[in-house]
Structures are given as structure tokens and as C-alpha cells.
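# Reading the structure
Spelled out from the first residue to the last, the chains are:
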Amino acid sequence: MGLLQEAIFGLVTGSYIAIAAIGFTLIYGIVNMINFAYGEYLTLGAFIGLVAATALPVPLPVAVLVAMIGGGIVSIVLARGFFTPINDTGPVPMLLTSIGLGIALRNAIRLVGGRSARYFDTETATFRFDAVPSLSIGPIDLLGGFFITSEHLIVIGAAAAVFVAIHGLLTRTDVGIAMRAMGDDESLARVRGIDTQLIRDSVWILAGVLAGLAGVLMAIQTNVSADTGFSHILQILSAAILGGAGSPYGAILGAYVIGLVLAVSTAFLPSSMTGLSSAVAFVILIGVLLVKPSGIAGTEVREA
Amino acid sequence: MSALDKLPAGHGDRALLAGVVCLLVGALFAFTPMRAQLPSFLYVFVEVGILFVVYGLLVLGLDLQYGHAGLVNFGHVVFFAVGGYATAMLSAQDSFSGIALGYPWPIGLAVGVLAAAVLGLGLSATSIRLRGDFLAIVTLATAEIFHSVFVNFQGIFGGNVGILGVPRPIAALVADGDTRLVATLFVLGGVTLVTLAAVTRLTEAPYGRVLRAIRADELVTRSLGKSTITYKTQAFVYGAALAGLAGGLFALYNGAVAPGFFTIQVTVTIWIGMLLGGAANHRAVLAGLAIIMGLRLVSRFALDVTPVSGDVFASIRLIVVGMILVAVIRYRPAGIWGNAQELGVDR
């Protein structure tokens, strides 16, 4: 396969990671916590979508909507139950709480949903472009024929729609502007009469909605199992930190960098070592934290 | 004056005495024809007990890092793994996968400790200045990187099979299975108790006071003329070296290393044990770890009397463990035996 094909895969991976990373980074910026249980929100979203699509059954776009609403409800309920009561204890206790909650949720999902992977039934159209000439440099083919499926297009299109919607929300609506104000300086925002708890709740709901969407998209691309979200949480986190924790625009950029690096490193690594591609993402993450800990667009995270 | 009054008074000295006694008893089993008979229901206790004393070394190191210096190391398993793999690679003989160099095991153990300490030094040199939650992410990512390296470089680390044929010094001395388990428990338990004595000595000294001052307020400590970065680096490296020792001992007890022994689950177990017992109190973190690992025993016995499958039970146990972590942080942030005032978490 040519590098062009890998780049398309990378773009798709980057798209669903980007949607999740926006939710993750909004929680980081406004609630000031690294939510390690966020992967489980994705899994829950995917399962809700799956149940809606198979048990009810409703058409896929409706199932996606159900998953988004369900994700939002799950997120606000969990936040009210676990995170809001300890809001003022600082980042480390909240991180630890989210790790404990993540373990519990993951195993509860496994208990209910079983260990086997499930799949979304989707009809896929594949568009092939075989006429593209090869452009080889050494063993690596830079162009080459490629294909793109309707699923790929749906994922990329959904991501683009989310970016526009988030941009509109953050710049055009009162809630979004209040969110940005709170991300900047919570005390100042309160002085200006912003109901910080209300904004925090809306961020939790928004992050849950995004997790529901990303979970279903991820599930369409791969499958649904109890580990669906958890296996992506480190990539989501890498994308968010790479872009500068707290910045949604940075998270989008970071997600596509991670997605492309994952896909392209698969092309360059020997076939017995493709498992290393996730390690490559973490190497980038550590590199960013060492060289420019504030990420592409963000604030200082070093203390001394 | 009875013999009891002659016992040393401090926790550290008592632990040292108990540790030396344990080592001597272990040596008695290993070098003399003395034999132990285990009733069959005790097997599982001894096995979990051995794992507990190995993890005990991990939790003591982590307590030095987090409990005393406030360093949020969420990749502690990586030092455990590196110590185990270094020991295994140097001392294993004719393993069919991975590298087996066949040196005597004491050299392997020493290199294991050294390798973990060097990794700790490298990691702290680059990331010790990061804020707490970001240090957690970097250490976690490091652990994941090493895990996938161990799995993927089959020619060096043996892939998922790992490295077999690691010498088992105690098994070489004692042929009888029951005696071997008991001797292992006493020897490794002795090592852990001696370590407990050493870290208690270290943290009761003025040195430990500086570490706790850093956790309480780094800026104030720096303004008193203490080089906080140096202290934090030292605490981090000590913890890493202890984990390396644990890894080496584990490899020499187990006779093999594989990625499956060194998962994120190990980190989570010792973290929950530490927080449940009460960080910054060495005996409390060991007690907390004992509670968490005791849950394994409970679930193993409960498994025999209930009709559900092992998978279901494992899931239920992990749900309970996760909820314990959540509950401890929310309702008892200092842990069961921790000092809330000293940890700065009383509200």
C-alpha cells in the first residue's frame, strides 16, 4: 500500500480522536482535571448506539443521535455523582478518582456486555482510485492507488461538522463565551456574574455528547467491546496535551498529528513490529512535554 | 527485666529485627534438611503472600516518591519490569526466546536494580519539574512504551512469551515444593522487612523531613535553601531502585518474566493499596496493600462456593477495587491510618 492510503487511514483515525479530544480538553480546561475515565464514556456511547441500532431498531443516523444524548446524560450523572463533590481538592485526587471510576465502569460494561466484540451493520460503498501512478522513494511508495469507503467519508465529514459547531458554540453563544472565560480565569468569570457550576455542568454534558459521537464512529470503524474506549484513551490524551491542554483548536491539530503518525509509522515499521505504532504516539507526547510542555497552543504546566 | 524490654523501641529497629529473623528462618529451611509441610488450603495463602511481599517493595518505593516527596508516579510498574527483565536477560540460561546470557544470578540482580535506577534517573532528569498530573501522564506513557517494546522486540525480549530459564536460587537448594514456598516467603519477606527498616530510618531522619516539606510546600522549602529538585530526584531514584530490586527478586522466584506480569494493573493495585492504607506511613501502606491483595483471596475462595464463572468474578472484584479508590479519595483522603493534618487533606 502506498503512503497516500496510510494517510487516508490516518485522517480517519485523527477525525474520531479529534472529536473525543475536544471533549477531553474542554473538561481539562474548565473543570481542571485529567479525566482518565473518558475512554469509558466513549465505550458507553458506542454501546448505547449499538443497542439503539440493533434492539430498537432505528436507522444509523438516529442511533448516533441516541448515543450522543445518552452520552450527555451519562456524563452529567457521573460528574454529579463523582467529580462535582470533590471539585476543590485539586488535580491529583480528581485524576485518581477518574482512574478508579474508569476501572469500575470498564468492568461493569464487561459484566453486562460480555467479552466478545460486536459490530455495527453498515452498508459500505468503496471508491477505488487505482489509476494513481506510484511514486517510489526507496521501499516506500509515496502515492500509489488508494481507496476510500463511505464510512471513512462519514467519519471525516462528522468531524468537520463538529469542528464548525464547536467553533460556533465557543465564539457565538453566551454559554461558549462563558466557557472560554472560565477556562481563562475562574475567579474573574465568577466576579463577572457567570454561574460557574452551571457552566461546568454544560461542559460535562457537551463532553459526553462528543464522547457518544466519537464512540459510535470508532465502533463503526473497528468494533464495540468493553475496551474500545480504554484502548484509545492514551491517544486522546496525547492529542489533547500535544495541542496544548485546554485548547479545543490545539486538540484538533494534535489529533490529526497523532492519527497521521500512527498510520504512517505502520507503513515504515517492519511488519512484526506494527504494535509499536502506539508507542510512537507516546514518544511524541513525552517529547512535547519535555520541549514545549504548553503544547502547540496552551498554558504552562511546569512548576519549577 | 524481661527479655521483652530488651527489644528495640523504634518501628524501624523492630522491622530490622523481624527482617533478620525472617531471613535466618528462610536460610534454615534452605540450607538445612529441615522440611515444612503445608496443609493444602494454605497454598494459596503462601502464594499470594509471596506476591504481597514483592509488591510490598514496590509500595514502599512508591510511598517514598508520592507519600513523602509528592511525586505522582503512575508508571511505577515500568521500574519493576525493567528490573525483572534486566535480571532475567543477564542470568537466564538457554531460553528459547529472547536473550539469555547465563551470568550468575547475583550479577543479574545487581544489574536489575541498577537498570531501574538509571531509568529513574533519566525519567526524573527530564520530567520531574512537570506539574503533578502531567508527571503522572509521562510516567504512565513511559510504562506503556516499555510494555509495547517488550512485546514487540521478540528477538531481544521474547515477545509475549517472555524470557524463560531464569535461575531460581531457592528452588535450586530445596527440592521439596512445600519447603520451597515457605523458604521463599520467609526470605523475600525478610528482604521487605529490612527494606521497611531502611526507608523508616531514611524518612525519620532530617532527610525525610525535607521530603515531606517539599510535598507540603515546595516554594517554602526552596526558600529555606534546600535544592528541591535534587531531593525529588533522589527520592524518585530510590523508589525506582526498590522497584528494580522487586522485579529482580520476582524474576528469580518465578523463573521467567513476561509482559503479562508487568501490566498497568500492578501500578493500580499498589496505588490503591497505598492510598487506602495512608500515604507517608510505611506500615500503613503495607497494611493497605494487604487489604487490597486480601480481596484476591476472598474472591478466589468465593469462586469455589458460587456458581458464577471466573470472568464474572474478576470483573466484580475490579469494580469493587475501583469503587474503593473512589471512596477513599472522597471520604478518607488520608487513608485508614494516614495523618490527615500532615498530608494537608483535612477539610
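Refer to the preceding data block for the structure.
Residues numbered from 1 in each chain as written. Chains lettered and ligands numbered in written order. Predicted model: local features only at pLDDT ≥ 70, side-chain atom pairs only at ≥ 80, totals over all residues.

### Structural notes on the packing of helix H3 (residues 60–83) of chain A against helix H4 (residues 91–113) of chain A
All names here are of chain A. Two elements in contact, H3 and H4, have axes whose closest approach is 11 Å; the angle formed by their N-to-C orientations is 125 degrees. Overall, the two elements H3 and H4 adopt an arrangement that is oblique. Viewed along their axes, H3 and H4 form a crossing whose handedness is right-handed. Mapping the contact onto sequence places Leu 78, Phe 82 and Phe 83 in H3 and Met 94, Thr 97 and Leu 101 in H4. Class assignment of the residues belonging to the contact of H3 with H4 gives a composition of five nonpolar, one polar and no charged. (Axes fitted to C-alpha atoms, helices over the stretch in contact; angles between N-to-C directions. Helix = DSSP H or I, 4+ residues; strand = E, 2+ residues; numbered from the N terminus. Parallel < 35°, antiparallel > 145°, perpendicular 65-115°, else oblique. Left-handed = near helix turned anticlockwise from the far one by under 90°. Contact = placed C-beta atoms within 7 Å. Nonpolar A, V, L, I, M, F, W, Y, C, P; charged D, E, K, R; others polar.)

### Concerning the interface of chain B and chain A
In this assembly, 38 residues from chain B lie in contact with 40 residues from chain A. If one sorts the elements of the side of chain B that touches chain A by residue count, helix H5 (residues 132–152) of chain B sits on top with 14 residues. Residues belonging to the side of chain B that touches chain A are distributed by class as follows: 22 nonpolar, nine polar and seven charged.

### Structural notes on the environment of Leu 101 of chain B
Residues and elements named next belong to chain B. Among the secondary structure elements, Leu 101 is positioned in the loop between helix H3 (77–91) and helix H4 (105–127). Its 14 C-beta neighbours within 10 Å are what place Leu 101 among the partly exposed residues. Other than its neighbours up to four places away in sequence, Leu 101 contacts Met 89 and Leu 90. (Buried ≥ 20, exposed ≤ 12 C-beta atoms within 10 Å, placed from the backbone.)

### Some details on helix H2 (residues 43–68) of chain B
All names here are of chain B. With 26 residues, H2 extends 36 Å between its outermost C-alpha atoms, agreeing within 8% with the 38 Å of an ideal straight helix rising 1.5 Å per residue. Within H2, the axis deviates most sharply at Leu 62, by approximately 30 degrees. Within H2, 19 of the 26 residues are buried, which leaves the element mostly enclosed by the surrounding structure. Within two residues after H2, Gly 70 carries a phi angle of roughly 75 degrees, on the positive side. (Expected span 1.5 Å × (residues − 1). Bend = angle between axes of the 7 residues up to and from the residue.)

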